[in-house]
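Examining the three-dimensional arrangement
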Amino acid sequence: MATPHAPPPSSAAKQTELVWSSPACRQLIRNHSLRGTGVLAWGPAAGRQCYDLLVIGGGSGGLACAKEAAQLGKKVAVVDYVEPSPRGTRWGLGGTCVNVGCIPKKLMHQAALLGGMIRDAPHYGWGVAQAPHSWATLADAVQNHVKSLNWGHRVQLQDRKVKYFNVKASFVDTHTVCGVSKGGEETLLSAEHIVIATGGRPRYPTHIEGALEYGITSDDLFWLKESPGKTLVVGASYVALECAGLLTGLGLDTTVMIRSVPLRAFDQQMASLVTEHMAGHGTRILRGCAPEKVEKLPGQQLRVTWVDLTSDRKDAGTFDTVLWAIGRVPETASLNLEKAGVHTNPVTGKILVDAQEATSVPHIYAIGDVAEGRPELTPTAIMAGRLLAQRLSGRTSDLMDYSSVPTTVFTPLEYGCVGLSEEAAVARHGEEHVEVYHAFYKPLEFTVPQRDASQCYIKMVCLREPPQLVLGLHFLGPNAGEVIQGFALGIKCGASYQQLMRTVGIHPTCAEEVAKLRISKRSGLDPTVTGC
Ligand code: FAD
Ligand code: NDP
């Protein structure tokens, strides 16, 4: 009879080496394998590698968790596998943020902003003419940077002795996962703890004829070799508005189709200003409309038919590209979660977790976009992953705090915020207990080229009772993410309006306008900033 100290010799062609690990892991194998028959239950065709921690998903959360755990002395493996998009787009290690999210998006947003700066430049004395934009050059540069990040992640895993498998994982039982490579080779991996960090993928509409055949998503946009041309973006949240904004900024004829309200989860006054600015700067916005059909015309163009939801009137338009930006679906379908007994929310499909990030199975965790109730943001996934690794290594008992998470929507005029919207503050505390300070301001850099600043606006939502705790801060203007990041610390530390008013501004900046907010909405006074 085989024992854990004397693994059976490999006989199968594809069998991988059995790796002996920490005492805890050896115990795990012993318990797991001797259960029932008293005979080691190694699969006949595949060896089994054993780790302290196995992370499924090499994106923001998974990589952060794996690297941290390895640095704290754990024996760690990461499995990551990218299923190509329905259009066939594929990419490397690093997950959504690196490959098809934050990074390519922000670089393309920057390219779009540069177009505005080139238009400003002659006013500042530069003899430059507006040059045509080359999508191919931009895409090449962005894709090369992304590939360098893919490589960097592989090197970091190697340096930290994290074993990386490019395989698609599914559960075999509560401690074991089967990974299948592109070529169909199977690897069995066992671990004391398993972290699921498989993220999500863009949702395609299922009820719209031609949607899947002819449409693309954010999984494809940043990898297009040629310009998407005249584009219809369907959706009204982060992805839709950011993509429509950058495409407009790159000079493309762009339409956004909104079925209800823009940026539903945000302060609605701010959301209206965001779309007002976009509409005033070249993006066509179709409100209260829903697409019904996408057809391919003989000349490769797409004809989209839609319905106006108020009048029921049908309309149609011709586009080169249709981009679906209607939300994301958690990546759980192929995980075989039922084999491990991991529970999901039947409505959202996301994995149910507690404050420890533990699932219904105590040694299996879920972090990032795939976990129920978590913000779909890279920094929260990373911090949750790191803290989880530290808890598993006994370094801390600190839990991830998901309150007051700052965020920025990278629309042409950026919108950064932290804390409660005005509506949420009023709903929670009552209108009579909420004071809102606000200002329409003009960024100094807008003055010389006479840029329109009608939507540059700041609002601070506070409790009315002294010292007027700040509940939320909303900033619409250039570099919103940079502005909000610092104030987020203050708000996390419980800053009050009184303290903010004693904070000295940095002149001349847009951020200093936050420290100068004197006009309350309740006063009815004109909130337009004049003078220095
Ligand atoms: P992911 O990064 O999605 O990683 C999951 C990984 O697991 C993927 O590589 C996936 O292929 C892999 N995987 C899935 N199933 C399996 C399996 N069965 N076996 C093996 N591997 C598997 N957030 C921000 O904070 N700022 C931004 O500016 C921002 N911009 C964004 C722009 C766009 C267009 C999009 C779509 C998202 C953006 N986000 C942004 C959100 C951010 O990208 C995500 O919140 C973040 O990437 C989530 O990290 P994660 O670790 O949960 O999952
Ligand atoms: P969201 O889930 O935030 O929003 C989905 C949008 O699509 C809503 O406007 C929704 O409208 C609309 N929609 C849904 N179904 C349909 C349909 N059938 N037809 C038309 N419209 C539809 O999804 P996103 O993909 O924009 O973003 C996903 C997440 O990624 C975000 O929540 C964010 O956390 C993250 N992200 C972060 C970014 C950042 O930090 N800058 C950038 C991009 C993404 P309705 O309100 O009517 O339901």
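Note that the structure is a prediction, hence the values are computed from the model and not measured. (Residues numbered from 1 in each chain as written. Chains lettered and ligands numbered in written order. Predicted model: local features only at pLDDT ≥ 70, side-chain atom pairs only at ≥ 80, totals over all residues. Heavy atoms only, no water.)

As for the site of ligand 1
By nearness alone, 36 residues border ligand 1, and G61, D80, T96, K105 and D369 come closest of all. Within the backbone of S60, one N or O atom sits 3.3 Å away from an oxygen atom of ligand 1. At 3.2 Å, a backbone N or O of E376 approaches an oxygen atom of ligand 1. Contact with the protein chains covers 93% of the free accessible surface of ligand 1, which is 1000 Å². Elements represented by at least two residues in the shell around ligand 1 include exactly α2 (60-71), α3 (95-100), α4 (102-120), β4 (168-173) and α11 (378-392). Tallied by class, the residues present in the shell around ligand 1 amount to 14 nonpolar, 15 polar and 7 charged. (Near = heavy atom within 4 Å. Polar contact = N/O pair within 3.5 Å; in protein donor to acceptor, adjacent residues only side chain to side chain. Areas by Shrake-Rupley, 256 points an atom, 1.4 Å probe, with all protein chains shown as cover. Helix = DSSP H or I, 4+ residues; strand = E, 2+ residues; numbered from the N terminus. Nonpolar A, V, L, I, M, F, W, Y, C, P; charged D, E, K, R; others polar.)

Overview of the UniProt feature "binding site: NAD(+)" (unreviewed entry) in the protein chain
UniProt marks G235, A236, S237, Y238, V239, A240, L241, E242 and G327 with the feature "binding site: NAD(+)" (unreviewed entry), using the numbering shown here. Their sequence span is 93 residues, while the largest C-alpha to C-alpha distance among them is just 13.3 Å; these annotated residues converge on one region. Relative to the assigned elements, S237 resides in the loop between β8 (231-234) and α8 (238-249). Of the residues examined, S237 reaches a relative accessible area of 34% and is grouped as partly exposed. Tracing the chain through its elements places E242 in helix α8. Each residue touching E242, except ones within four places of it in the same chain, is listed here: K105, T408, V409, F410 and T411. (UniProt positions renumbered as here; feature names shortened; annotations may be inferred. Buried < 20%, exposed > 50% of the residue type's maximum accessible area, 1.4 Å probe, protein only. Contact = heavy atoms within 4.5 Å.)

Overview of the packing of aromatic side chains
Under the definition given, this model contains 7 aromatic pairs. Where Y238 meets F266, the ring centres are 5.3 Å apart and the plane angle is 70°; that geometry is what we call edge-to-face. Taken together, the positions of Y238 in helix α8 and F266 in the loop between β9 (254-258) and α9 (268-280) put the pair 28 residues apart, joining distant regions of the chain. When its relative accessible area of 10% is taken as the criterion, F266 is described as buried. Between F440 and Y457, the ring centres sit 4.4 Å apart and the planes meet at 35°, which makes this aromatic pair tilted. Of this pair, F440 sits in strand β19 (residues 434-440) while Y457 sits in strand β20 (residues 457-463), and the two are 17 residues apart along the sequence. Residue classification places F440 among the partly exposed residues on the basis of a relative accessible area of 25%. Judged by its relative accessible area of 0%, Y457 is buried. (Phe/Tyr/Trp six-rings, centres within 6.5 Å; stacked < 30°, edge-to-face > 60°.)

Details of the site of ligand 2
Within the structure, ligand 2 sits among 20 residues, and S237, S260, R264, E376 and T408 are positioned closest to it. In this structure, an oxygen atom belonging to ligand 2 sits 3.0 Å away from a main-chain N or O atom of V239. Notes on ligand 2: free accessible area 910 Å², of which the protein chains cover 77%. Put simply, the parts of the chain that give the shell around ligand 2 at least two residues each are α8 and β17 (407-409). If one sorts the elements of the shell around ligand 2 by residue count, α8 sits on top with 3 residues.

What to know about the sheet that holds β20
Read across the sheet, 5 strands follow the order β17-β18-β21-β20-β19 without closing on themselves; strand pairing throughout is antiparallel. In the strand order of this sheet, the two ends are held by β17 and β19, each with one partner. When the angles between neighbouring strand axes are averaged without regard to direction, this sheet yields 10°. Where β17 and strand β18 (residues 415-419) come together, 3 bridges link them in antiparallel fashion. Note that in β18 the partner of V409 across the bridge is Y415. (Pairing = 2+ DSSP bridges. Axes fitted to C-alpha atoms, helices over the stretch in contact; angles between N-to-C directions.)

Some details on the UniProt feature "domain: Pyridine nucleotide-disulphide oxidoreductase dimerisation" (unreviewed entry) in the protein chain
UniProt records the feature "domain: Pyridine nucleotide-disulphide oxidoreductase dimerisation" (unreviewed entry) at residues 405-516, using the numbering of this structure. As annotated, residues 405-516 comprises 27% helix and 26% strand, and the C-alpha atoms at either end are separated by 23 Å.

A closer look at α4
An ideal rise of 1.5 Å per residue puts 27 Å on 19 residues; α4 measures up with 26 Å between its terminal C-alpha atoms. Considered for burial, the residues of α4 that qualify are P104, K105, M108, H109, A111, A112, G115, G116 and D120. At its buried positions, α4 is contacted by α3, α5 (135-159) and α8. (Expected span 1.5 Å × (residues − 1).)

A word on the environment of A66
Here A66 shows up in helix α2. Take A66: its relative accessible area is 0%, and that puts it in the buried class. With 333 residues separating them in the primary sequence, A66 and L399 have C-alpha atoms 17 Å apart. Apart from the residues lying within four places of it in its own chain, the contact partners of A66 are V55, V76, V78 and V162.

Here's the deal with the pattern of salt bridges
Counted according to the given criterion, the structure contains 16 salt bridges. A salt bridge links E295 to K293, with the shortest nitrogen-to-oxygen separation between them at 4.0 Å. R303 serves as the salt-bridge partner of E295, at 3.7 Å between the closest nitrogen and oxygen. Owing to a relative accessible area of 28%, E295 belongs among the partly exposed residues under this scheme. Residues joined by salt bridges that share partners form a network here, namely D267, E422, K459 and K521. (Salt bridge = Lys/Arg side-chain N within 4 Å of Asp/Glu carboxyl O.)

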